[in-house]
Every structure is written in C-alpha cells, then in structure tokens.
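# Examination of the molecular architecture
Each chain is listed here by its residues.
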Amino acid sequence: MTSLPQVAPRIAKLTALSIGVALLATACGGSSTPTSTGSGSASANAAGIACPAPSATAGATTAAGAGGSVPASTTTTDTALKIGSLLPTTGSLAFLGPPEIAGVNLGIKEINDAGGVLGKPVEVIHRDSGDTKTDIATQSTSALLGQGVSAIVGAASSGVSKTVINQITGAGVIQFSPANTSPDFTAWDDKGLYWRTAPSDVLQGKVLGNYMATCGAQTVGMIVLNDAYGTGLAKNVQAAFEAAGGKVVAQELFNEGDSQFSSQVDKVIAAKPDAIALITFDQAKSIVPLMTGKGIKPTQLFMVDGNMSDYSKDFQAGTLKGAQGTIPGTFAKDEFKKKLLAVDPALKDYSYAGESYDAVNLIALATEEAKSTKGVDIAAHLKDVSETGEKCNDFPSCVTLLRNGKDIDYDGQSGPVTFSDAGDPTEAYIGIYEFQDDNTYKPVKEEFGKL
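Residues numbered from 1 in each chain as written. Predicted model: local features only at pLDDT ≥ 70, side-chain atom pairs only at ≥ 80, totals over all residues. Heavy atoms only, no water.

### Regarding the packing of helix H10 (residues 353-370) against helix H12 (residues 395-403)
Cut-off, in case you're wondering: Every axis corresponds to a line fitted to the C-alpha atoms, with the helix fit spanning only the stretch in contact, and the corresponding angles, defined between N-to-C directions, vary from 0 to 180 degrees. Counting from the N terminus, the helices are DSSP H or I runs at least four residues long and the strands are E runs at least two residues long. Comment on the angle field: the value is read as roughly parallel under 35 degrees, roughly antiparallel over 145, roughly perpendicular from 65 to 115, and oblique elsewhere. By convention the crossing between two helices is left-handed if the near helix lies anticlockwise of the far one by an angle smaller than a right angle, and right-handed if it lies clockwise. Two residues form a contact once any of their heavy atoms are found within 4.5 Å. The nonpolar class holds Ala, Val, Leu, Ile, Met, Phe, Trp, Tyr, Cys and Pro. Asp, Glu, Lys and Arg form the charged class, and all remaining residues, Gly among them, are polar.
Orientation of H10 relative to H12, taken along the N-to-C sense of each, is 15 degrees, at an axis distance of 10 Å. The orientation of H10 with respect to H12, classified from their angle, is roughly parallel. The element H10 and its partner H12 pack so that their crossing is right-handed. Taking contact as the criterion, the partners of Asn361, Ala364, Leu365, Glu368 and Glu369 in H10 are, on H12, Phe395, Cys398, Val399, Leu402 and Arg403. Among the residues making up the contact of H10 with H12, the classes are represented as 6 nonpolar, 1 polar and 3 charged.

Given below as structure tokens:
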C-alpha cells in the first residue's frame, strides 16, 4: 500500500475541532454525523478526577439491515472463497478471541444464509495466533496458507501481526486485522494486501489523553507494555495529554512475559500522578491489585483496549469501580449482541466483534465485485466497496445492490468504514467505558474522529 503522510505532528493541537472529535450520548449505527452528549460530572475523588457522567442510553441503539430476497450471483467460481482466522485463543490477549471469533462466525453465517459468494458457500478455518512469547502465529499462518485461504482475519496483537505480515502478504493473501492499532502498519510495504477495521492508535491516543485532561487530571503516570502496541499508544496518549496542558510525570516499561511489576508500580506511585494510564494486555490482572493495595483509587485508573475485560472473577467486588478505559469502535448494539450470543452463548465481552464481522463482510463483498477469489483481486476492490455509493450495512443488503449493478458504501457494526489508500480506516469511533461494582464495564460515551 502507498505510504500516507506522517500523522504524528497533527496531535500537537488537541481541540475538538482539530481532531474532528465530538462526544456522543448514544451509539450512531455507522452514521458519520456525530452529535453532542449532555453535560454532567461524576463525583470527584481525592486526586481531583471528575469525569463527565455516563449516559443512561449509551449502546442501546440498533441498526437494521435491509430485508428482502437476495438475487443469485451472475458470476460463479470454481474455487470457493476460503477465509482463515488468526485470532487469540491462548496467550495474553486470549480474552479478545471469543468476541472476534464470534464476529467472524456470525459474518460467515449471514453470508452463507444469503447464498454465499459467487455461487458457493464461504469456508472458514480458525487457527490460534497465540502471542509474541510463542511461535504459534507463524505455525498457524503456514497451516492456513497451505489450505489455500484468500484472506486471513487477524491477528489481534500488532506485535503478532508484525511476525506474520510478510509471510501472508508475500503469498498474495490478504491480511485483514480487526484489532491492530499500531501506526507502523500505515506505511508497511505490504503490496496493498494489509487492511484493518480498527483505527490507528493515533486516534485512540488522542481520545484517551484528551479525556484524562477533561476529567481534571493535571499529571499522569503510565505503565506501558514495551512492544509496538504499547509504546505507540503511549506516545500518542502523552502527546495529546501534554498538548492539553498536562504533564506525564512517570512512564515505566515492562516486557511481554514479565510477571513482576512491583518496581514499575512503586516508581509511578512515587511520582504522585492525578491519573494512571495502564497500557497493557492481561498483565493488568497483576498490576491493578498492586495499585489499589497501595492506595490508588480505581477512579484514578484509565485503561485501554488491550486490558478492557471482564474482571468479575479476578478481583473482589468494587476493585475497579469507577475506573475507565477506551476501546476503538462504536458500542456493540443490542441487536448485534443478541446475534453474537446466538453464535457463542458464553460471550462476556464484545470487543472487536464488530470489526471482525465487518472484515468478513468487506472481504466477501470485494470478492463479489472482483468476481474472483484471488487475494490480490479482492484487495483491489476493498476500498471501492467502503466508499461513495449507496449505503448498506450487512451482506444481504449490500450484495443485493452489487448484483443489481449498484455502487455500494458499506458502513458496518464497527461504525463508518472508509479506507485510505494504505488500508486504514479514515474515520472511526472510540468508545469510553466505566467499570461497575462487579468489575465489568459499561459504555459511557463515544468520540468520533477522522485521521
């Protein structure tokens, strides 16, 4: 893919106008015209944190797809579209696997219920990505490529994707991540075959940094995973927070595989920050008790997509009550959650389910438009099905338009999807969530931004 101009310098100005961000009281179902939330504030804690109050209706809206019968494809293929998934079922991001896999399976089910792609049912093959401590991703990728997939949905971890992106794209296969957020992929030499539905951490960093400042924090400490995801996100959080007038007073790194975090916790607490950003994966299970055990209030903690999870079985009730965090993408709508639960009744989290679902739909729609199941042919149509056409938000409605000769603009469950030439979303929502007394989280508000 072609390289885009560097975006990092743009984070020097942190106003709603300069980053194109507006707060939303409810989910917008893919609309690119945001509205403002109501005002209010939560009770302040000793550190002076007073964030805007949650919206009672956040996440309640649903988006309906078009009904009606789907016309048969006028072009058929001898080789069925085969999609692989490279998503975590083990390792430090294993909690993200179930919603992502459910999103893939729901997309495949709806596509095949509508008659499949180019006259044949779509096949899906799931493989574990593991994490960067293992070589599982490389082995899984080799297995998927050996089975003739046209596209691979994954990996979730930016660090893991870096270990397999050349292997996948070098084979002429699409790599389509629902959760990679490292800015490094924007300019990667991937032959036009790497795509993602999750926005770059340039945007998540802006939102989190600005939100902590909005909550009244003047100083921030950070504990950061030392990999492409952690350091990239931390850089953008710091730039946004400092542009808003705040100061990062401590930033402590750790490596994947570390199990002891007392040193990092002690150094951050010693700096006496108003707020603490935890940019980690499941290491938060060890870090949070160390923090709260040393007097840090949960309302001082701000988390990110890598560690936003259901901690109801990990911590005592109230441990995280009032802690907040960000996850790229719009809130999972009630109707979409019901469909996901029908696929996987054990689901607890919905992070990146929409992005995974959208990845599958976009691959299928681009295949229909390309009239080919070859990865390079499909990739050439991914941008086209995401912009400047008649809007639609699921496979049946979109493929009906395509088969009737219409140009389409797919807007999905993750929000509006419009790709740059580099395969990045050019606009996206970032959801802000708050933990409850049972250590699960609920939506607070969304912010919409363009890059």
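### Focus on the packing of aromatic side chains
Our working rule: When two rings of Phe, Tyr or Trp (its six-membered ring) have centres within 6.5 Å they constitute a pair, described as stacked for plane angles under 30 degrees, edge-to-face for angles over 60, and tilted for the intermediate range. Summary of the burial criterion: residues with accessible area below 20% of their type's maximum are buried, those above 50% are exposed, and those between are partly exposed, where the area comes from a 1.4 Å probe applied to protein chains only.
In the structure shown here, the tally under the stated rule is 14 aromatic pairs. An angle of 75 degrees between the planes, with centres 5.1 Å apart, marks the rings of Phe331 and Tyr433 as edge-to-face. Residue Phe331 is located in the loop between strand S11 (324-328) and helix H9 (334-343), and its partner Tyr433 is located in strand S15 (residues 427-435); the two are separated by 102 residues in the primary sequence. Assessed through its relative accessible area of 9%, Tyr433 is described here as buried.

### Considering the nonpolar core
Selection rule: For this analysis, a nonpolar core means a set of buried residues of the types Ala, Val, Leu, Ile, Met, Phe, Trp, Tyr and Cys, connected via side-chain atoms within 4.5 Å.
With 62 residues, the main nonpolar core has Met212, Met222, Ile279, Met291, Phe302 and Leu320 as its most contacted residues. When near neighbours in sequence (up to four residues on either side) are disregarded, Ile279 contacts Met222, Ile223, Val224, Leu225, Tyr229, Gly230, Leu233, Ala234, Val237, Phe254, Val304 and Asn307. Among the nonpolar cores identified, the runner-up in size contains 45 residues, and Leu340, Leu362, Ile378 and Val385 belong to it.

### Focus on the side chain of Asp424
By the secondary structure assignment, Asp424 is in the loop between strand S14 (415-416) and S15. Beyond its immediate chain neighbours, meaning those up to four positions away, Asp424 contacts Thr186, Arg196, Thr418 and Phe419.

### Examining unusual backbone geometry
In the segment running from Gly154 into Ala155, the intervening peptide bond is cis, with an omega of -5 degrees. Summarising the element assignment, Ala155 is placed in the loop between strand S4 (151-154) and helix H4 (158-170). Not every positive phi belongs to a glycine, and Lys371 is a case in point at roughly 55 degrees. Take Lys371: it is sitting in the loop between H10 and helix H11 (375-382). Not every positive phi belongs to a glycine, and Thr388 is a case in point at roughly 40 degrees. Mapping Thr388 onto the fold places it in the loop between H11 and strand S12 (390-392). For Thr388, a relative accessible area of 61% translates into the label exposed.

### Quick look at the pattern of salt bridges
This is how the line gets drawn: Salt bridges are defined as contacts in which a side-chain nitrogen from Lys or Arg sits within 4 Å of a carboxyl oxygen from Asp or Glu.
With the rule as written, the count across this model stands at 14 salt bridges. Between Lys133 and Asp131 there is a salt bridge, with its nearest N and O atoms 2.6 Å apart. Judged by its relative accessible area of 5%, Asp131 falls in the buried class. Among the ionic pairs, Asp424 bridges to Arg196, the shortest N-O distance being 2.8 Å. Residue Asp424 is found in the loop between S14 and S15, and its partner Arg196 is found in strand S6 (residues 194-196); the two are separated by 228 residues along the sequence. For Asp424, a relative accessible area of 6% puts it in the buried group. By relative accessible area, Arg196 is classed as buried at 0%. Via salt bridges that share partners, Glu110, Glu335 and Lys339 belong to a single interconnected network.

This is a description of form; function is not addressed.
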